[in-house]
Amino acid sequence: MRSSVFVALALGSCLGARMPALAQSEPLSGRLTGDRLSAAFVGKVFRGVYEDGVNWREAYLVDGEVDYEDDFAAARGEWLVRDDLLCTFYDGDLTGGCFIVKQRSENCFDFYAVDPATDRPDASRDAMRSGFDWTAQGWRSDRVPTCPEGLVS
């Protein structure tokens, strides 16, 4: 599931996906945008878990490179903020995509994949408001995670 979503996300991003519909309507509480989104990730290392329970680690380097690993693979690539989305793309066989990032608590972030075919997040607006149906959840590795119990690996 995850790899097919990322392939579609990567293709849409390469084709210049438009800003998702969510970004054009009322703001989503806790959503990071623009400079706040960049500042939250530049030079930081995050750890997290995907919806399927796979653990991941990603370093967002100052020069725009990204160093990624999960329970099954590792890759390097690039990251950037575009249209208020956090985007990651990898060299080699792994693909990437773009995500709406919502800060759930002091050190807990929900990542919602944006489907380039529809220009919409995979989760509904109500689900995002409630903190459900995220693609991944993560936290800065240099701080104590504040994600809900049972989701921290």
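Residues numbered from 1 in each chain as written. Predicted model: local features only at pLDDT ≥ 70, side-chain atom pairs only at ≥ 80, totals over all residues. Heavy atoms only, no water.

Moving on to the nonpolar core. Within the largest apolar cluster, 21 residues are counted, with the highest numbers of intra-cluster contacts made by Phe41, Trp56, Tyr60, Leu86, Val101 and Phe111. Among the elements of the structure, α3 (34-41), β1 (44-50), β2 (55-60), β3 (65-70), β4 (74-82), β5 (85-90), β6 (97-105) and β7 (108-115) are those that each provide at least two residues to this core. Setting aside residues up to four positions removed in sequence, Tyr60 forms contacts with Phe41, Val42, Gly43, Lys44, Phe46, Glu65, Val66, Trp79, Leu86, Thr88 and Phe111. Tyr112, Ala123, Ala127 and Trp134 belong to the second largest nonpolar core, which has 13 residues in total. (Core = buried A, V, L, I, M, F, W, Y, C linked by side-chain atoms within 4.5 Å. Buried < 20%, exposed > 50% of the residue type's maximum accessible area, 1.4 Å probe, protein only. Helix = DSSP H or I, 4+ residues; strand = E, 2+ residues; numbered from the N terminus. Contact = heavy atoms within 4.5 Å.)

We now examine the environment of Gln137. Among the secondary structure elements, Gln137 is positioned in strand β9 (residues 136-140). Taking the C-alpha atoms as reference points, Gln137 and Lys102, separated by 35 residues in sequence, lie 9.5 Å from one another. Engagement of the side chain of Gln137 in a polar contact is seen with the side chain of Asp110, the distance being 2.6 Å. (Polar contact = N/O pair within 3.5 Å; in protein donor to acceptor, adjacent residues only side chain to side chain.)

Okay, the state of the cysteines next. Across all of its chains, the model carries two disulfides by this definition. For Cys87, the disulfide goes to Cys98, at an S-S distance of 2.1 Å. Residues Cys87 and Cys98 are joined by a disulfide whose S-S torsion is about 110°; by sign, that bridge is right-handed. Remark: Cys98 occurs in strand β6 and Cys87 occurs in strand β5; sequence separation between them is eleven residues. With a sulfur-sulfur separation of 2.2 Å, Cys108 is cross-linked through a disulfide to Cys147. Taking the sign of the S-S torsion, 105° for the link of Cys108 and Cys147, the bridge is right-handed. You can see Cys108 sitting in strand β7 and its partner Cys147 sitting in the segment after β9, a full 39 residues away along the chain. Each bonded cysteine of the protein chain gets a number by its place in the sequence, and the pairs then read 1-2, 3-4. (Disulfide = S-S within 2.5 Å.)

Just geometry here; none of it tells us what the structure is for.
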